[in-house]
Amino acid sequence: MTTQEITSPEELRDLLGAPMPRALAKERRTLHQRDRDWLAASPFCLVATADADGACDVSPKGDPPGFALVLDDTTVAIPERPGNRRADGYRNILANPHVGLIFLIPGRTDTLRINGRARLVRDAPWFDRMEVEGHRPVLAVEVTVEQIFYHCAKAFLRSELWRPETWQPDALPSRARLVKEVEAPAESLADLERYYGPDYARKLYVDR
């Protein structure tokens, strides 16, 4: 059997069928109070970006619940914290401001999705409201909402993501061992184990 590629929207629609009217009608452009409640409860977000040529990146962002700051009915902001300094998504935003966000709440099988236009802000009066453990963010992604809606639970139900009895964290080697085997750094395995050891979690807001 040969590979059969889908090459047109019409072919895709014929294969999948038409979306339910409710699925089309659920899109909004402004934040509802329940959206604000969701953002106040969410500690984790995935940020999708693409550069001017369409090369994509998805970056996880996490902080205490409510880390995504609601600035008004059409604007949210996500703080940057110390990381690996690759800044792939941020460079993408400079070239192409379109972003996609998915906000999760642990244990919930539905998600909140926001698509919009982003800009990078290095300081603003509201940065003080993003302080965690005495550290203000070095920059923030400010997103103007163009589309917002809740996404159904099927992917989480199929994957059983939130069922602890299905978790297998030891199915792969430790983070340090993966780094040593895959990335082949100059550091020894012992050095990497120390780096990713208990001190790693104690320095989440300290630039290293």
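Caption draft 1: Representation of a nonpolar patch on the surface in the model. Together, Ile6, Leu12, Leu15 and Leu16 make up an exposed nonpolar region whose accessible area comes to about 400 Å². Locating leucine 16 in the fold gives a position in helix α1 (residues 9-16).

Caption draft 2: Molecular detail of the sheet that holds strand β4 (residues 75-79). Spatial strand order, β2-β1-β5-β6-β7-β4-β3: seven strands in an open sheet with antiparallel pairing. The open sheet has two edge strands with one neighbour each: β2 (56-62) and β3 (69-72). The average undirected angle you get between the axes of adjacent strands in this sheet is 35°. Note that β4 and strand β7 (residues 140-151) share five bridges and pair antiparallel. Directly across from isoleucine 78, in β7, lies its bridge partner valine 141.

Caption draft 3: Region of interest: the pattern of salt bridges. A full pass over the atoms with the stated rule returns 15 salt bridges. Here arginine 86 ties to aspartate 88 by a salt bridge, and the two come within 2.7 Å at their closest N and O atoms. On the basis of relative accessibility, which here comes to 53%, the residue arginine 86 falls in the exposed class. Because the salt bridges share partners, they merge into one network encompassing Arg86, Asp88 and Arg91.

Caption draft 4: Representation of the packing of aromatic side chains. The tally for this structure, following the rule as stated, stands at six aromatic pairs. Consider the rings of tryptophan 38 and tyrosine 150, whose centres lie 5.4 Å apart with planes at 65°: the pair is edge-to-face. Here the residue tryptophan 38 occupies a position in helix α3 (residues 33-41), and tyrosine 150 occupies one in strand β7, the gap between them amounting to 112 residues. By relative accessible area, which is 26% here, tyrosine 150 ends up partly exposed. Ring geometry for tryptophan 126 against phenylalanine 127: centres 5.1 Å apart, planes inclined by 45°, an arrangement best described as tilted. The same class applies to tryptophan 126 as to phenylalanine 127, namely buried.

Caption draft 5: Up close: the nonpolar core. In terms of nonpolar packing, the biggest core is built from 24 residues, with Leu39, Cys45, Val76, Ile78, Leu101, Phe103 and Val143 touching the most fellow members. Sorting the residues of this core by element identifies α3, β1 (44-50), β4, α4 (88-95), β5 (98-104), β6 (111-121) and β7 as the ones contributing at least two each. When residues in this core are grouped by element, the largest group, four residues, is from β7. Setting aside its immediate chain neighbours within four residues, cysteine 45 contacts Ser59, Pro60, Lys61, Phe67, Ile78, Leu101, Ile102 and Phe103.

Cut-offs used in this document
Residues numbered from 1 in each chain as written. Predicted model: local features only at pLDDT ≥ 70, side-chain atom pairs only at ≥ 80, totals over all residues. Heavy atoms only, no water. Patch = residues over 30% accessible without salt bridge, like charges linked within 9 Å, V, L, I, M, F, W, Y side chains within 5 Å. Areas by Shrake-Rupley, 256 points an atom, 1.4 Å probe, with all protein chains shown as cover. Salt bridge = Lys/Arg side-chain N within 4 Å of Asp/Glu carboxyl O. Helix = DSSP H or I, 4+ residues; strand = E, 2+ residues; numbered from the N terminus. Pairing = 2+ DSSP bridges. Axes fitted to C-alpha atoms, helices over the stretch in contact; angles between N-to-C directions. Buried < 20%, exposed > 50% of the residue type's maximum accessible area, 1.4 Å probe, protein only. Phe/Tyr/Trp six-rings, centres within 6.5 Å; stacked < 30°, edge-to-face > 60°. Core = buried A, V, L, I, M, F, W, Y, C linked by side-chain atoms within 4.5 Å. Contact = heavy atoms within 4.5 Å.

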